[in-house]
Amino acid sequence: MVSAYSKDENLYPKDFRSRAIVDQRLHFDLGTLYQRVVDYYFPTIQLGAHLDQTKKAKLAEALGWFEAMLKQYQWSAANHFTIADIALCVTVSQIEAFQFDLHPYPRVRAWLQKCKDELQGHGYKEINETGAETLAGLFRSKLKQ
């Protein structure tokens, strides 16, 4: 989609070194960060299970890794906004909606706000924020049971 609709190469760079970093961040999102969100929250959402503190620690660990990654660039994978920022923004905004404590991760919090600002004119609220809040509401309702 980026190849078809992007106005330039910034979202998904053609330079193989730059693209490799974007790809790494995309794989980190799907295989580590989002997977740990699923591991921690979805047993409660789907089965009403109690939260597992070891899985919470694993999610915190992944957020710590992401915090460290954000030291390298102005955005997640480059000094400009990329498709990796979009993917990671979806995951981190879900974590925020679940009210996970992001205070220990100042770079993550600042980056997330930058992403929201960047995506605001592109339907961020309708496309992402509403869904994240709906999922978080489902989670909170299961906690009360």
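Residues numbered from 1 in each chain as written. Predicted model: local features only at pLDDT ≥ 70, side-chain atom pairs only at ≥ 80, totals over all residues. Heavy atoms only, no water.

Here's the deal with the UniProt feature "domain: GST C-terminal" (unreviewed entry) in the protein chain
(1) Moving on: In this structure's numbering, the residues bearing the UniProt feature "domain: GST C-terminal" (unreviewed entry) are residues 15-134.
(2) Moving on: Secondary structure across residues 15-134 comprises 74% helix and 0% strand; the distance between its end C-alpha atoms is 38 Å. (UniProt positions renumbered as here; feature names shortened; annotations may be inferred. Helix = DSSP H or I, 4+ residues; strand = E, 2+ residues; numbered from the N terminus.)

Observations regarding the side chain of Ser76
(1) Moving on: The residue Ser76 is located in the loop between α3 (53-69) and α4 (83-97) in this model.
(2) Moving on: We classify Ser76 as buried; its relative accessible area is 0%.
(3) Moving on: Within the structure, the side chain of Ser76 is placed 2.8 Å from the side chain of Asp85, a separation counted as a polar contact. (Buried < 20%, exposed > 50% of the residue type's maximum accessible area, 1.4 Å probe, protein only. Polar contact = N/O pair within 3.5 Å; in protein donor to acceptor, adjacent residues only side chain to side chain.)

Observations concerning the packing of aromatic side chains
(1) Moving on: Scanning all chains against the criterion turns up 8 aromatic pairs.
(2) Moving on: Aromatic side chains Tyr41 and Phe139 sit 4.9 Å apart centroid to centroid with 90° between the ring planes, which places their arrangement in the edge-to-face category. With Tyr41 in helix α2 (residues 16-47) and Phe139 in helix α6 (residues 124-144), this pair connects stretches of sequence that are 98 residues apart.
(3) Moving on: Centroid distance Trp75 to Phe81: 5.1 Å. Interplanar angle 85°. Geometry classified as edge-to-face.
(4) Moving on: Relative accessible area serves as the criterion here: at 11%, Phe81 is assigned to the buried category.
(5) Moving on: In textbook terms, an aromatic cluster arises when at least three aromatic residues are bridged by ring pairs, as seen for Tyr40, Tyr41, Phe98, Phe100 and Phe139.
(6) Moving on: Geometry around Trp75 places Lys114 over its ring, the cationic atom sitting 4.3 Å from the centre. (Phe/Tyr/Trp six-rings, centres within 6.5 Å; stacked < 30°, edge-to-face > 60°. Lys NZ or Arg CZ within 6 Å of the ring centre and 35° of its normal.)

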